[in-house]
Amino acid sequence: MASAGVDEAAAAAAAAQPRAAISHVIFDMDGLLLDTEGFYTEVQEKILARYGKVFDWSLKAKMMGKKAAESARIFVDECGLDGLLTPEQFLEERESMLQALFPSCTKLPGVLRLIHHLHANGIPMAVATGSHKRHFALKTQNHQEMFSLMHHVVMGDDPEVKAGKPSPDIFLAAMRRFEGNVEPSKCLVFEDAPSGVAAAKNAGMSAVMVPDPRLDVSYHKGADQVICSLLDFKPSEWGLPPFNE
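Keep in mind that this is a model prediction, so the values were computed, not measured. (Residues numbered from 1 in each chain as written. Predicted model: local features only at pLDDT ≥ 70, side-chain atom pairs only at ≥ 80, totals over all residues. Heavy atoms only, no water.)

*Asks:* Summarise the overall build of the protein; cite the residues concerned and give the values.
*Replies:* Each helix and strand counted, the protein has 10 helices and six strands in total. For 245 residues, the compact-globule formula gives about 18 Å, and the C-alpha radius of gyration of the protein, at 19 Å, lands near that figure. Each of the three principal axes of the protein carries a C-alpha extent, and together these read 70 × 40 × 30 Å. Across the 245 residues in the protein, those meeting the buried criterion constitute 48%. Restricting to contacts in the protein with at least 6 residues of sequence separation, those with at least 24 account for 66%. Within the structure as shown, the protein displays about 11,600 Å² of accessible surface, and the carbon and sulfur contribution to it stands at 55%. Between the averaged position of the 24 positive side-chain charges in the protein and that of its 32 negative side-chain charges there is a distance of 2 Å. (Helix = DSSP H or I, 4+ residues; strand = E, 2+ residues; numbered from the N terminus. Rg over C-alpha atoms; globule rule 2.2 N^0.38 Å. Buried < 20%, exposed > 50% of the residue type's maximum accessible area, 1.4 Å probe, protein only. Contact = heavy atoms within 4.5 Å. Areas by Shrake-Rupley, 256 points an atom, 1.4 Å probe, with all protein chains shown as cover. Lys, Arg positive; Asp, Glu negative; His and termini not counted. Charge placed at Lys NZ, Arg CZ, Asp CG, Glu CD.)

And the structure:
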C-alpha cells in the first residue's frame, strides 16, 4: 500500500509540473480573439449557393489561417469552380461583402480576462494574424484598448512574412520583435486553425488550440493542448502566473 501512495504522490507531482516554462505569448486573431470566422462562412456560403454548392467545414478547415490568395485558390479548386469563378474574382466579391461586416465583430469568451491578466503580470504579448492592414483596421476599430496591450502586431502583408501558415514565418517574425533574445521554446501560441497550430510547431513553439466545436477532432492533432474556450485556460499549467481566484 505504501508503494501505491508513493506512486500517487509522484503522479500528482508530475501533474503539478508546468508543461513548459513560458515567458512570451503570441495570439492569432480571427476566431481566437475576435469572432470573425462566422463572417467568412456566411459570405462564402452565399457565393457558393449561386453555383448550387454547399460550403462545409472540411473546406473551411483547409482555408482557415491561410493567406487570402491561397485560401481563394483552395476555395475555387475544391468547389470545382474552375472556368466559372477565378480566385481573384472570388476575393473581390468576398471583400466587398466582408467590409460591411467586420466592424461589428465581438471579442470571444475569456479573451479580455486572459489578456488583462498577462499584461498585469508583465508577460509580453503579440498578435500574429494573417489579416492584412486594411482588414485588421476594420476588425479592431472597436477593440483598440485590448490591442493597445500588445507589445506588437504582425500582419499577413508584413514583408518578413514570406509564406503564410503553416509556414512558421509569421510566428518567428513576432518572436524576433520582442525585446531581448527570445527562444522559440519560451513562446506559447494560441490558435484556432489547424494551419496555425502547424505554423507554431514548425517555429519550435508550444501551441494551445481553441477550435470551433464544428471542426472535426482529427484536426486537433499537433496541438500541445486543446481547450473549448480561453475561459478554460490555466496559466499555471504553462509556468505563467495563475489567475487570482
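*Asks:* Account for the pairing of strand β5 (residues 206-209), naming residues and giving values.
*Replies:* Neither face of β5 is left uncovered, since the one carrying Ser206 and Val208 and the one carrying Ala207 and Met209 both have all their residues buried. One ladder, built from four bridges, connects strand β4 (residues 187-191) with β5; its direction is parallel. In the sheet register, Phe190 faces β5, and the bridge partner there is Val208. Of the crossover connections in this fold, the one passing from β4 over helix α10 (residues 194-202) to the parallel β5 is right-handed. The sheet contact formed by β5 and strand β6 (residues 225-226) spans two bridges and is parallel. (Pairing = 2+ DSSP bridges. Right-handed = clockwise from strand over helix to strand, strands pointing away.)

*Asks:* Which residues make up unusual backbone geometry, and what values do they have?
*Replies:* Note that the residue after Lys165, namely Pro166, is joined by a cis bond; omega there is 15 degrees. As for its placement among the helices and strands, Pro166 is situated in the loop between β3 (152-154) and α9 (169-176).

*Asks:* So what's going on with the sheet that holds strand β2 (residues 125-128)? Residues and values would help.
*Replies:* Pairing is parallel in the open sheet, where six strands are placed in the order β3-β2-β1-β4-β5-β6. Each edge of the open sheet carries a strand with a single partner, namely β3 and β6. As judged from the three bridges shared by strand β1 (residues 24-27) and β2, these two strands associate in the parallel manner. Considered in β2, the bridge of Val25 is made with Met125. Sitting on the sheet, α10 is in contact with β4 and β5, with an inclination near 165 degrees to β5. (Axes fitted to C-alpha atoms, helices over the stretch in contact; angles between N-to-C directions.)

*Asks:* Go over the pairing of β2 with me, naming the residues and quoting the values.
*Replies:* Where burial is concerned, the two faces of β2 agree: the one with Met125 and Val127 and the one with Ala126 and Ala128 are both buried. With three bridges joining them, β2 and β3 adopt parallel strand pairing. By the bridge assignment, Ala126 is partnered in β3 with His152.

*Asks:* Which residues make up the packing of aromatic side chains, and what values go with them?
*Replies:* The geometry of an aromatic ring pair is captured by two quantities: the separation of the ring centres and the angle between the planes. For the coordinates displayed, the defined rule picks out seven aromatic pairs. Measuring from ring centre to ring centre gives 6.4 Å for Phe39 and Phe102, while their planes differ by 55 degrees; the resulting arrangement is tilted. Of the two residues, Phe39 sits in helix α2 (residues 37-49) while Phe102 sits in the loop between α5 (87-101) and α6 (111-120), which places them 63 residues apart along the sequence. Accessibility classification places Phe39 together with Phe102 in one group, the buried group. A ring pair is formed by Phe75 and Phe90, whose centres lie 4.1 Å apart and whose planes are at 15 degrees; its orientation type is stacked. Residue Phe75 is located in helix α4 (residues 68-78), and its partner Phe90 is located in helix α5; the two are separated by 15 residues in the primary sequence. (Phe/Tyr/Trp six-rings, centres within 6.5 Å; stacked < 30°, edge-to-face > 60°.)

*Asks:* Go over the nonpolar core, please, and point to the residues and values.
*Replies:* Of all hydrophobic cores here, the largest spans 51 residues; its most connected members are Val25, Phe27, Leu33, Phe75, Ile115, Phe190 and Phe233. The dominant element in this core, judged by the number of residues it contributes, is α2, at five residues. Leaving out residues up to four positions away in the same chain, Leu33 has contacts with Phe27, Asp28, Thr106, Lys107, Leu108, Val111, Ile115, Val127, Met146 and Phe147. Ranked by size, the runner-up nonpolar core spans 26 residues in total, among them Ala126, Val161, Phe171 and Ala174. (Core = buried A, V, L, I, M, F, W, Y, C linked by side-chain atoms within 4.5 Å.)

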